[in-house]
Amino acid sequence: MPQSKSRKGHKQHHQHEPQHGTPHTNKNNRTLIVPMIIFATLGLGIGFFINSDSAPTWIASTLLGALAGFIFGKQVEKAAKKRAK
């Protein structure tokens, strides 16, 4: 007698676990990059406004602006994680 052509049961898929050698990527990386760019641009504008002839002033104000943006982005990320809980 022929076998019935019924479908086999569905196999459960396992969650993919990253290998131990691969670096962990931050999904919220934009949370840090966008404020850094915005604050660095504002810092450059402030540095140009303060002293338009000095390139070191521009560089220093841009770096300070990027640092402020990084700190601001970290705070936003912490608040979002706290709110998600």
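Let's talk about the overall build of the protein chain
Then, number 1: A count of helices and strands for the protein chain gives two helices and zero strands.
Then, number 2: When the 85 residues of the protein chain are sorted by exposure, 14% land in the buried category.
Then, number 3: Across the protein chain, contacts joining residues at least 24 apart in sequence account for 63% of those joining residues at least 6 apart.

Side note on helix α2 (residues 55–84)
An α-helical turn contains 3.6 residues, so any two residues separated by three or four positions project in the same direction.
Then, number 1: For α2, built from 30 residues, the straight-helix expectation of 44 Å at 1.5 Å per residue is met to within 8% by its first-to-last C-alpha distance of 43 Å.
Then, number 2: For α2, every residue scored as buried is listed here: Ser61, Gly65, Ala66, Gly69, Gly73 and Glu77.

Some details on the packing of aromatic side chains
Then, number 1: This structure, assessed with the given rule, holds two aromatic pairs.
Then, number 2: Pairing Phe48 with Trp58 gives two aromatic rings, centres 5.6 Å apart and planes at 50 degrees, and the pair type is tilted. One end of the pair, Phe48, is in helix α1 (residues 29–50); the other, Trp58, is in helix α2, and 10 residues separate them in sequence.
Then, number 3: Assessed through its relative accessible area of 46%, Phe48 is described here as partly exposed.
Then, number 4: By relative accessible area, which is 29% here, Trp58 ends up partly exposed.

Some words on the environment of Glu77
Then, number 1: Considering the arrangement of structural elements, one finds Glu77 in helix α2.
Then, number 2: For the pair Glu77 and Leu32, spaced 45 residues apart in the sequence, the C-alpha separation amounts to 8.1 Å.

Things to note about the environment of Thr57
Then, number 1: By the secondary structure assignment, Thr57 is in helix α2.
Then, number 2: In this structure, the C-alpha to C-alpha distance between Thr57 and Gly43, residues 14 residues apart in sequence, is 9.9 Å.
Then, number 3: Thr57 has contacts with Gly47 and Asn51, leaving out every residue within four places of it along the chain.
Then, number 4: At a separation of 3.1 Å, a polar atom in the side chain of Thr57 contacts the side chain of Ser54.

Cut-offs applied
Residues numbered from 1 in each chain as written. Predicted model: local features only at pLDDT ≥ 70, side-chain atom pairs only at ≥ 80, totals over all residues. Heavy atoms only, no water. Helix = DSSP H or I, 4+ residues; strand = E, 2+ residues; numbered from the N terminus. Buried < 20%, exposed > 50% of the residue type's maximum accessible area, 1.4 Å probe, protein only. Contact = heavy atoms within 4.5 Å. Expected span 1.5 Å × (residues − 1). Phe/Tyr/Trp six-rings, centres within 6.5 Å; stacked < 30°, edge-to-face > 60°. Polar contact = N/O pair within 3.5 Å; in protein donor to acceptor, adjacent residues only side chain to side chain.

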